[in-house]
Amino acid sequence: MTTKININGEIKDEAFISILDHGFLFGDSVYEVICTIHGKPYFQDEHLKRLYSSASGISLEIPHDQDWIKKQIQITLDSAGNPESYVRIIVTRGVGDLDIDPSSCFHPNLIIFVKNIPQIPDESYEKGIPVALVSIKRNSRDALDPAVKTGNYLNNVLARVEAQKAGAADAIMVNPWGQLTESTTSNLFFVREGRLLTPEKGCGILSGITREKIIQLAHENGMSLEEGAWPGEELLKAEEIFLSGTVKKVMPVSILDNRPVGTGKPGPITQKMMRLYSELLESLA
Ligand SMILES: Cc1ncc(COP(=O)(O)O)c(C=O)c1O
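The shown structure was predicted, so the numbers you read here are calculated from the model rather than taken from an experiment. (Residues numbered from 1 in each chain as written. Predicted model: local features only at pLDDT ≥ 70, side-chain atom pairs only at ≥ 80, totals over all residues.)

### Topic: the domain arrangement of the chain
If you check the domain split of the chain, you get domain 1 (4-116) and domain 2 (122-284). Contacts between the two partners involve 20 residues from domain 1 and, on the opposite side, eleven residues from domain 2. For the side of domain 1 that touches domain 2, the secondary structure elements donating two or more residues are strand E3 (29-37), helix H2 (44-57) and strand E5 (85-92). Looking at the side of domain 1 that touches domain 2, the element that brings in the most residues is E3, giving eight residues. Split into classes, the residues belonging to the side of domain 1 that touches domain 2 amount to eleven nonpolar, six polar and three charged. (Domains from an automatic or database assignment. Contact = placed C-beta atoms within 7 Å. Helix = DSSP H or I, 4+ residues; strand = E, 2+ residues; numbered from the N terminus. Nonpolar A, V, L, I, M, F, W, Y, C, P; charged D, E, K, R; others polar.)

### Observations regarding helix H5 (residues 154-165)
Relative to the 16 Å expected for twelve residues at 1.5 Å per residue, H5 spans 16 Å between its end C-alpha atoms, a close match to the ideal helical length. Residues of H5 that are buried: Asn156, Ala159, Arg160 and Ala163. Down the axis, H5 shows its buried residues gathered within 100° of arc, on one side only. Exposed positions of H5 whose direction lies more than 90 degrees from the buried face are Leu154, Val157 and Lys165. Of the surrounding secondary structure, the elements contacted by the buried residues of H5 are strand E7 (129-133) and strand E8 (170-174). (Expected span 1.5 Å × (residues − 1). Buried ≥ 20, exposed ≤ 12 C-beta atoms within 10 Å, placed from the backbone. Arc of directions from axis to C-beta.)

### Considerations on the site of the ligand
The local shell around the ligand holds 14 residues, among which Leu206, Gly208, Ile209, Thr210 and Thr246 are the closest. Secondary-structure elements contributing two or more residues to the shell around the ligand are helix H6 (209-220) and strand E13 (240-245). With three residues, H6 is the single largest residue contributor to the shell around the ligand. The residue inventory of the shell around the ligand, partitioned by class, reads three nonpolar, nine polar and two charged. (Near = placed C-beta within 6 Å.)

### Quick word on the pairing of strand E14 (residues 249-256)
Across the eight residues of E14, seven count as buried, placing the element largely inside the fold. Both E7 and E14 contribute to a ladder of three bridges, which runs parallel. Looking at the pairing, valine 131 lines up with leucine 256 of E14. Linkage of E13 to E14, two consecutive antiparallel strands, is achieved through a turn of three residues. In terms of strand pairing, E14 meets strand E15 (residues 259-260) through two bridges, oriented antiparallel. For isoleucine 255, the partnering residue across the bridge sits in E15 and is proline 260. Adjacent in sequence and paired antiparallel, E14 and E15 are bridged by two residues, among which aspartate 257 carries a positive phi angle near 50°. (Pairing = 2+ DSSP bridges.)

### A word on the sheet that holds strand E2 (residues 10-12)
Strands pair in a sheet through their backbones, by hydrogen bonds, and they do so in one of two ways: parallel or antiparallel. Overall, antiparallel pairing links the six strands, which are arranged E2-E1-E6-E5-E3-E4 in an open sheet. Single-partner strands in this sheet number two, and they are E2 and strand E4 (40-41). Strand direction decides the pairing type here: E3 and E4, joined by two bridges, are antiparallel. Bridge pairing in E4 links threonine 36 to proline 41. Where H2 meets the sheet, it contacts E3, E4 and E5, and its direction lies at approximately 175° from that of E3. Set on the sheet, helix H3 (residues 66-80) makes contact with strand E1 (4-7), E2, E3, E4, E5 and strand E6 (109-116); between it and E6 the angle comes to about 35°. (Axes fitted to C-alpha atoms, helices over the stretch in contact; angles between N-to-C directions.)

Okay, here's the thing in structure tokens:
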């Protein structure tokens, strides 16, 4: 169980960032999380593509190319030597003046944080988790576009805190127009009248890599799937709900706002997708 931090190409057991780094001061940074299967990072190209697209979304130039980052990820994984790893790549604006203007920051910091993969209890997958529809809204696309994966997660932090106060493990947010978007660190899928539904990108979501793979799997396996815009109340009628993300993969939701979802157990479509996604990951290894 080793943690290794690669900071601008140097591997360390512990690393420190200046308090004048704008990533620390203003959340002025972008990041990605990649996990490994049998020691190999999966969907790495997709994650790195999104990292560069997020950086361009905040006019931040990453000082290295994707091959350099890939090489550094591998060196850091080798150095940590964990059976399975969680890899967080962070690019910050760098050190500058104590002012939001980024033009005083000349050297972005590139950090690759490798640690043992977090263990999610089997019980969560077997029974599903409780979530709450919260009052905190997902950012509108013309404010801080949720499609850009920045280090500014305060919106989602507040949503998670509200959900926890309501006795739930995670939150589902609507956009400023009341349409369903996503959870705090995962995308949202739900089933209505036997059809798998997921909020479309236009609602203001992160275009999750896991979400894309699930959509592809649904199409390949003849499952009916629709991307669209639905009001928050629609979720209350869902027969099944699940969340998707790199770390949690396909996570069933059994309780919404203290009421059981469908039978209160992971439903057949959720279970099928859990199986298909896990087979997909195994096939990569
Ligand atoms: C807000 C948000 N939505 C969705 C996701 C899921 O994205 P992915 O499947 O690429 O991990 C994440 C992952 O961190 C996230 O932070």
